[in-house]
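Examination of the molecular architecture
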Amino acid sequence: MSSSHLDLSLDLGQRIVAVKPITVPAPGRSVDLQVKVTAPLSGRNLPVIVFSHGNAWSLDGYEPLVDRWAAAGFVVVQPTHLDSRRNGIGWDDPRFATIWRVRIADLHAVLDGLGDILLQAGGLETRVDRERIAVVGHSWGAQTAGAILGARVLDADGVPGEDFSHPAVPAGALIAATGTGDTLTPFAAEHLPFMRPEYSTMTTPALVVAGGRDRSQLSTRGPEWFTDAYHLGPSPKSLLSIAEGEHTLGGLAGEAVAETTDEDPARVTLVADAVSAYLHDALKIDGAAWSALNDAAAAAGDGTWSIVGK
């Protein structure tokens, strides 16, 4: 798999800047909610990505994705969720059972407080298009982002829980999103009972990214588990499948990090640029890069990666 041949019409030579930490009001949270903002130094009417990290990470992770998105013209806001390893909240901590809800509340706090966040990030509020906001997440962060897009969580009786969708978000992307909860392992069922997403309510347009070698220890199913968000979510949805991709899809969280089992910078670039291209199209900015990516996928024909839509 290689993405070096793709011309997605992204201006990746422009300079970017990051501001951190910015504290966001989040009443009742046991630890301050802090975010990092990464943005291009120039440009106006910039779209926004609010990014939810995977388990144990923080606002300091995922630079290979975030920096590339900022270079492509996005303002990226990254909160640190309670499950970050820097907070030391383990499986047995009484707070862990509700962290999934706090994660969703974190994204709502960021979306609701976006104006002040952008102001504190060097006056970005005058350069952003507040009508073009997307949420993106990886792994646990993908389930968190999915809730903002309309997915719900089933209770023990299979009844869908509350609607956490946010009206300010017209599109998103879910990277390595967990599938339905009917095949959870005993460990996951005990410690992660919230991992029972109901995707039939996720009506917001979204790109789902899945790796063909992503085998979770939390489910008895194989890599297809990570495609449920696409297959069970109502249209419009798109699915980017990367045949050799494992859970970190080449090292999304950073170069040479411990969790990466399939290190491949080109794979990370493909994921980053696919999300950028999809969101440029879904947010009605410019569809050229997404069309080019679809054409490249069709022309490749070697099964290393593919895109389908509905």
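This report concerns the structure included in the present document. All figures in this text were calculated on a predicted structure; none of them were measured in a lab.

Each value, and the rule that gives it
- Residues numbered from 1 in each chain as written.
- Predicted model: local features only at pLDDT ≥ 70, side-chain atom pairs only at ≥ 80, totals over all residues.
- Heavy atoms only, no water.
- Pairing = 2+ DSSP bridges.
- Helix = DSSP H or I, 4+ residues; strand = E, 2+ residues; numbered from the N terminus.
- Axes fitted to C-alpha atoms, helices over the stretch in contact; angles between N-to-C directions.
- Contact = heavy atoms within 4.5 Å.
- Salt bridge = Lys/Arg side-chain N within 4 Å of Asp/Glu carboxyl O.
- Buried < 20%, exposed > 50% of the residue type's maximum accessible area, 1.4 Å probe, protein only.
- Parallel < 35°, antiparallel > 145°, perpendicular 65-115°, else oblique.
- Left-handed = near helix turned anticlockwise from the far one by under 90°.
- Expected span 1.5 Å × (residues − 1).
- Polar contact = N/O pair within 3.5 Å; in protein donor to acceptor, adjacent residues only side chain to side chain.

To continue, consider the sheet that holds strand β2 (residues 33-40). Pairing within the open sheet is mixed, and its 9 strands lie in the order β1-β2-β4-β3-β5-β7-β9-β10-β11. Of all strands in the sheet, those with a lone pairing partner are β1 (16-24) and β11 (305-309), marking the two edges. Taken over all neighbouring pairs, the strand axes of this sheet differ in orientation by 20 degrees on average, direction set aside. Bridge count for β2 against strand β4 (residues 75-79) is 4 bridges, and the pairing is antiparallel. Along β4, the bridge assignment pairs K36 with Q78. Here helix α2 (residues 99-112) sits on the sheet in contact with β1, β2, β3 (46-52), β4 and β5 (128-138), set at roughly 160 degrees to β3.

With that settled, the discussion passes to the pattern of salt bridges. Tallied over the full model, the rule gives 16 salt bridges. E244 is the partner of R213 in a salt bridge, and the nearest nitrogen-oxygen pair spans 2.6 Å. Of this pair, R213 sits in the loop between β9 (206-211) and α6 (228-232) while E244 is found in the loop between β10 (237-242) and α7 (265-282), placing the two residues 31 residues apart along the sequence. Residue R213 is classed as partly exposed on the basis of its relative accessible area, which comes to 45%. Note on E244: relative accessible area 40%, which makes it partly exposed. Among the ionic contacts, a cluster of salt bridges with common partners joins K20, D60 and R86.

Looking now at the packing of α7 against helix α8 (residues 288-300). Remark: α7 packs on α8, axes separated minimally by 7 Å, with the N-to-C direction vectors making an angle of 130 degrees. By the angle between their directions, the pair α7 and α8 is classed as oblique. Our pair here, α7 against α8, has a crossing hand that is left-handed. Contact residues: L270, A274, A277, Y278 and D281 in α7; A289, W290 and L293 in α8.

Between K20 and the following residue, P21, the backbone shows a cis peptide bond with an omega angle of -15 degrees. Assignment of secondary structure puts P21 in strand β1. Cis geometry is adopted by the peptide bond preceding P236, which originates at S235 and carries an omega value of 5 degrees. Even without glycine at this site, Y62 takes up a positive phi of about 65 degrees. By the secondary structure assignment, Y62 is in the loop between β3 and α1 (63-71).

Attention now goes to the environment of I89. Checked against the element boundaries, I89 lands in the loop between β4 and α2. Among the residues examined, I89 registers a relative accessible area of 8% and is labelled buried. Sequence-distant contacts of I89, that is, excluding residues within four places in its chain, are made with L82, R95, F96 and I99.

This paragraph deals with α7. Residues separated by three or four positions in an α-helix point in the same direction, a consequence of the helix having 3.6 residues per turn. Its 18 residues place the ends of α7 26 Å apart at the C-alpha level, agreeing with the 26 Å of an ideal helix rising 1.5 Å per residue. The buried fraction of α7 is high, at 13 of 18 residues. Backbone geometry just downstream of α7 places K284 in the positive-phi region, at approximately 60 degrees.

Mapped onto the elements of the fold, H81 is located in the loop between β4 and α2. Within the local environment of H81, its side chain forms a polar contact with the side chain of D106, the two groups lying 2.8 Å apart. H81 has contacts with R29, S52, H53, N87, R103, D106 and L107, leaving out every residue within four places of it along the chain.

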